[in-house]
Protein chains: 4
Amino acid sequence: MDRKINVTIYNENFHESTIPQLKTVYPESIHGALRSFLEKDSDIGTLRIATLEDHEEIMTQEVMDDTDVLIWWGHAKHPDVSDEVVDRCAKRVLEGMGLIALHSAHASKLFQKLLGTETYWVRWREAGEKVRLWNLAPNHPITQGIGETFVVPHDETYGEPFGIPNPDELIFLSWYQGGEVFRSGCTWHRGEGKIFYLQDGHETFPIYYQPEIQKIITNAVKWACPIKRACKIDRGGPNTPALETYELEDHDFLLLDAKDHPAFQK
Amino acid sequence: MDRKINVTIYNENFHESTIPQLKTVYPESIHGALRSFLEKDSDIGTLRIATLEDHEEIMTQEVMDDTDVLIWWGHAKHPDVSDEVVDRCAKRVLEGMGLIALHSAHASKLFQKLLGTETYWVRWREAGEKVRLWNLAPNHPITQGIGETFVVPHDETYGEPFGIPNPDELIFLSWYQGGEVFRSGCTWHRGEGKIFYLQDGHETFPIYYQPEIQKIITNAVKWACPIKRACKIDRGGPNTPALETYELEDHDFLLLDAKDHPAFQK
Amino acid sequence: MDRKINVTIYNENFHESTIPQLKTVYPESIHGALRSFLEKDSDIGTLRIATLEDHEEIMTQEVMDDTDVLIWWGHAKHPDVSDEVVDRCAKRVLEGMGLIALHSAHASKLFQKLLGTETYWVRWREAGEKVRLWNLAPNHPITQGIGETFVVPHDETYGEPFGIPNPDELIFLSWYQGGEVFRSGCTWHRGEGKIFYLQDGHETFPIYYQPEIQKIITNAVKWACPIKRACKIDRGGPNTPALETYELEDHDFLLLDAKDHPAFQK
Amino acid sequence: MDRKINVTIYNENFHESTIPQLKTVYPESIHGALRSFLEKDSDIGTLRIATLEDHEEIMTQEVMDDTDVLIWWGHAKHPDVSDEVVDRCAKRVLEGMGLIALHSAHASKLFQKLLGTETYWVRWREAGEKVRLWNLAPNHPITQGIGETFVVPHDETYGEPFGIPNPDELIFLSWYQGGEVFRSGCTWHRGEGKIFYLQDGHETFPIYYQPEIQKIITNAVKWACPIKRACKIDRGGPNTPALETYELEDHDFLLLDAKDHPAFQK
């Protein structure tokens, strides 16, 4: 990669702003925790942060055009996110921008728009259970530095069935103390963009301070970064004029008027 | 299958209503052509038809709840389709209703919502070229009665790259006289529903009267029909209360208050 | 389906023959347990049984040509299975015969040949742990009659990473008491045949007498049954003579002698 | 990548040795043509070459352990390749070594072993037809520097149906003058290794001197190179002793003797 990776973080920042106890978990909010380790990585370039409050001002077309990878954390306030911003981000993913969807971002407008399913469809339980993640892809860029298995000591539980399209790659499976399992690390391709979903990260636990989780997110940012910042695809689709086909030299086959069709000469 | 398959056809019916010459191709509109062969099949039950003009009255929640498979043909008037109807249909596909998307339905709101991509993204050319379809899945229910290859004498050309997610199954590949190729028959699963896309069927050619195409669509309707008419999934997701987990007998692990987390006792 | 489904069961029958205590678990061996419920299903036709001892006599080309679905259980004696029989069965799967691979059949010659991996590659532990299976595909033919989750009270533990190619469909995920997770129900397509793998079924526990397991295997047999008993593919590949192409009228392009290539005229 | 990529090329070298005219096409054999452009790339480290004649001496365990990516070209003499070398190479792919299978390598023992199908199953015709490749994945590492479409002026024709498992990624589709289409650029993952198949490259045409083909192969080598040279997986599978599970503290659940099972206490 001959350029730095520009990252934009969207964090709802609602729970952290309204529940005083969360200050002990995320004193600088979840986006602050994410920034704290990403900004130390020398491959990361411009690192922008948007919250529910300011996302319409921050996540402009210009900023998204300059973004390689978007990280999304949202939970209680998905409906309040601007449809215009969501459309802009979805279009950018189709053009090649990477997307890292964290935890309850599975129910965000953006993730659902790109995945094509209403992925509210999970079991869940807030009981601070132990989670054990299993690494199914030891040679994948996202799992470098991660062993065969590791534990998140306490997290919200998500359980199958998870209403996602079959992932292109299944990276992590999670085991929960209470009996559930979950496809907790998945990748998909949409258009020219790569998407990674990681289940871990409830706001009441300091999960984004855990070294394995930081390593996974950092790896995922590098994996999701497009080779070129933007494909700038003309989404209207190129109409190749009938007289400019690649392989035809004799154009008398043209039947631009349906009346010429042999079926209608009888 | 112990019940008949209820089919609802949406056909935009705009070109047929406004271009007089098309009366020679589709005297009863495209929906009439589709109905003409489906109604002869003894597995088909209630067959309903909706057009752009009346789709909001016809495609009610009650009708869609009673529909096993939805067939969609649209082209010039995608934006005029009711968002409410699209959301209703998408939800039904996630619950198990089959969807057969024909020709330019790749650019319909419904298909794009379910596939998660803005699939305008194709090459295209209206030149009435010869199309040769290749059958890649001779043991698949959709291809029964179809040989290794067949020709659509004249159709609109679509060309790769086609901005779709990797299909679950690639059923047909098309060769076009002018040099293009296209993934012309594809399946996907979304939620509990099955989706089949078939590229063929431009309004200026009598493609839906061609026996192979009729056979493919009839087969696809039977393939896409869900085992049960509706899963009626509670899309809010079942929250399993913390005291009712499957596998835990001792609930002292519960950390419902973040302050109790060991990380914050230091 | 207008014919009965012919099923052939291969069971190694080594443990049952050599460990007296297993008589209390499988008094008629594992193949007897499988036969006991399959023979009650009115869709099942000829039901043949082969063991390690007699598989070369039983699993002839004639028998395999008359088989719709092969069920395979093997464990300690994989290397002793005839390569000729394995090749015959693999070829039949590519022609459309279904394969249900049970438990340690993941390490059988046949499964590994068809999947292309040496799937010894699992974690495992014989500790009679509780297993909880989760149903990820409630609308799939294999899961009809199975709820969201069920328990196998005691089984051998298998754990990820499981060295399989990405399944076409992930049907079941298993949670084990000791902390492991496993993709315990998976489907693949190979050639024209369908393959289903089910992890459950260690010889020391009466798992094949459990109603859910019997239902899953019965469903899988029906799902895996090919539409036609055999594709009888000419595996040498059809060479289309140069003068009989589909789309060329002018054959002067033929360059059967490399010396004619323009690159060599300079 | 902090190391050079070690590449081993296997080329059958039978046609070039026995058909005098081919000296005008591949004066240094196909392996010479492949070497000529790979050795110019500064990311490539040790570049070894093996032919049918010497492959048993060259492709030792030591050499394969030191190889990051294996390129394979074979055609008429697949059966003469050493089974021991094939097994060694297959095991190395499962451990992470990349494999680039060129042209008729689809019918090699190694490719068939890893893909799990007897992929003789293609249509084919030696008529020197024009081939047009379409790039379906413009943001993929393998297609960098390749435009939307390009032409191979003359090549052997391959046609669908191609008996491969559904590719993980479909990179190129080919259009042939005579009416065929083919999935000519495909990727799969097997174990920890990546596989890329490229259809182009009949021995009678100078295809490996074409800049687009050279670019694709060079890109594919870099894409297929594993992050670590070898996973060195213990393929016997790690047995986790029953008394050393991750998640159990109380081991009285152990039922190592089947007689203890509750089902047998009645």
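Residues numbered from 1 in each chain as written. Chains lettered and ligands numbered in written order. Predicted model: local features only at pLDDT ≥ 70, side-chain atom pairs only at ≥ 80, totals over all residues. Heavy atoms only, no water.

A. Region of interest: the pairing of strand β4 (residues 98-102) of chain A. Residue and element names in this part refer to chain A. Burial analysis of β4 places five of its five residues in the buried class, which makes it a mostly covered element. Of the two faces of β4, the one carrying Gly98, Ile100 and Leu102 and the one carrying Leu99 and Ala101 are both buried. Here strand β3 (residues 69-73) runs beside β4; their pairing, made up of five bridges, is parallel. Pairing of Ile71 across the sheet is with Ile100, part of β4. At this point the chain moves from β3, through helix α6 (residues 83-94), to the parallel β4, and the crossover so formed is right-handed. Judged from the four bridges that link them, β4 and strand β9 (residues 193-198) form a sheet pairing that is parallel. If you follow Ile100 over to β9, its bridge partner there is Phe196. (Buried < 20%, exposed > 50% of the residue type's maximum accessible area, 1.4 Å probe, protein only. Helix = DSSP H or I, 4+ residues; strand = E, 2+ residues; numbered from the N terminus. Pairing = 2+ DSSP bridges. Right-handed = clockwise from strand over helix to strand, strands pointing away.)

B. Structural view of the sheet that holds strand β1 (residues 5-11) of chain D. Residues and elements named next belong to chain D. Reading across the sheet, the nine strands line up as β2-β1-β3-β4-β9-β8-β7-β5-β6 and stay open at both edges, with mixed pairing between neighbours. Looking at the sheet topology across the chains shown, the edges are occupied by β2 (44-51) and β6 (149-159). Neighbouring strand axes in the sheet, compared pairwise and without regard to direction, differ in orientation by 25° on average. Where strand β8 (residues 181-190) and strand β9 (residues 193-198) come together, six bridges link them in antiparallel fashion. Along β9, the bridge assignment pairs His189 with Lys194. Along the sheet, helix α3 (residues 29-38) makes contact with β1, β2, β3 (69-73) and β4 (98-102), crossing β1 at roughly 160°. Packed onto the sheet, helix α6 (residues 83-94) meets β3, β4, β8 and β9 and runs at close to 115° relative to β9. (Axes fitted to C-alpha atoms, helices over the stretch in contact; angles between N-to-C directions. Contact = heavy atoms within 4.5 Å.)

C. Just the confidence of the model for chain A, in detail. All names here are of chain A. Taken over all residues, the pLDDT of chain A has a mean of 89, while the share at 70 or more is 87%. Throughout residues 251-258 the model reports pLDDT below 50, and contacts reaching past four residues in sequence, or to other chains, amount to 22 contacts. Note on residues 261-266: pLDDT is under 50 here. Beyond four places in sequence and across chains, it has 13 contacts. The complex model carries a pTM of 0.94, and its ipTM stands at 0.91. (pLDDT = per-residue confidence, 0-100.)

D. The arrangement of empty space enclosed by the protein in detail. In this structure the tally under the stated criterion is three cavities of 30 Å³ or more. What the largest cavity holds in volume is close to 370 Å³. Surrounding the largest cavity, 25 residues form its lining, Asn166 and Pro167 of chain A, Asn166 of chain B, Asn166 of chain C together with Asn166 of chain D being those nearest its centre. Among the elements of the structure, β8 (181-190) of chain A, β8 (181-190) of chain B, β8 (181-190) of chain C together with β8 of chain D are those that each provide at least two residues to the lining of the largest cavity. Counting residues per element, the lining of the largest cavity draws most heavily on β8 of chain B, which supplies three residues. Grouping the constituent residues of the lining of the largest cavity by class yields twelve nonpolar, five polar and eight charged. (1 Å grid on protein atoms, 1.4 Å probe; cavity = no way out; pocket = protein on both sides within 12 Å on 5 of 7 lines; lining within 4 Å. Points joined across faces, edges and corners; volume = space filled by probe spheres on them. Nonpolar A, V, L, I, M, F, W, Y, C, P; charged D, E, K, R; others polar.)

E. Looking closely at the state of the cysteines. On inspection of all chains with the given rule, the structure shows zero disulfides over all chains. The cysteine Cys89 of chain B is free of any disulfide, with Cys225 of chain B supplying the nearest cysteine sulfur at 16 Å. (Disulfide = S-S within 2.5 Å.)

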